[in-house]
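Reading the structure
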Amino acid sequence: MTDRMQGRNAAYVMEALLSAAGPMGAYDIIAAIRPQVELAPPTVYRALKQLVSAGKAHRIESLNAFVACRCGHDAQPAYRQGEAIGFIICDRCGSVDEFIDPTIGEGVAAALVLRGFSASATTLEVRGVCANCSDKAAAR
């Protein structure tokens, strides 16, 4: 597969992630882009790997799904910048909100140094109920 084809496939996948209302699995992406192009699962996974490596998308481990990066940080792993990439995941509506917090990253980095551990990535996933769902429940 040529670099040009890989780039085009990644563009289709990125477009699907950017237009999605929430996190998407590979098969969700395949269904979303099917009207434009038909890609096999391994091709979508390669495109996702490329996008994640470039810092343009993130994998939400607990959901086994992907989201487009919304914070605009560069492709460097966040832990190298003293930052932690975090995701707030609502258990009711499924929304995902991305954030970067240098304070959390510094705390994690300090804990790792004490243990002699070298991290390849630092991601925090917090599950609970978003403000919108809390407000709706309180209004009932």
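Quick caveat: nothing in here was measured; it's all calculated off a predicted structure.

Another aspect to go through is the overall build of the protein chain. What the protein chain contains, in helices and strands, is 5 helices and 5 strands. Secondary structure elements in the protein chain, listed N-terminal to C-terminal, are α-α-α-β-β-β-β-α-β-α. Sorting the 140 residues of the protein chain into buried and exposed places 31% on the buried side. Residue pairs at least 24 apart in sequence account for 55% of intrachain contacts in the protein chain once pairs closer than 6 positions are excluded. For the protein chain, the accessible surface area stands at approximately 8,500 Å², while carbon and sulfur atoms represent 53% of it.

Within the secondary structure, T122 sits in the loop between α4 (102-115) and β5 (123-128). The class for T122 is buried, based on a relative accessible area of 14%. On a C-alpha basis, the gap between T122 and A109 in space is 9.0 Å, while along the polypeptide they are 13 residues apart.

For the rest of this paragraph, the subject is the sheet that holds strand β3 (residues 84-90). In space, the 3 strands of this open sheet follow the order β4-β3-β5, with mixed pairing throughout. Each of the sheet's edge strands pairs with one partner strand only, and the pair in question is β4 (96-101) and β5. The sheet shows a mean angle of 20 degrees between the axes of neighbouring strands, taken without regard to direction. Two elements, β3 and β4, share 6 bridges in a ladder whose sense is antiparallel. Across the sheet, residue A84 finds its bridge partner in β4, namely D101. Across the sheet, α4 touches β3, β4 and β5, and the angle it forms with β4 is around 65 degrees.

Cut-off values and rules
Residues numbered from 1 in each chain as written. Predicted model: local features only at pLDDT ≥ 70, side-chain atom pairs only at ≥ 80, totals over all residues. Heavy atoms only, no water. Helix = DSSP H or I, 4+ residues; strand = E, 2+ residues; numbered from the N terminus. Buried < 20%, exposed > 50% of the residue type's maximum accessible area, 1.4 Å probe, protein only. Contact = heavy atoms within 4.5 Å. Areas by Shrake-Rupley, 256 points an atom, 1.4 Å probe, with all protein chains shown as cover. Pairing = 2+ DSSP bridges. Axes fitted to C-alpha atoms, helices over the stretch in contact; angles between N-to-C directions.

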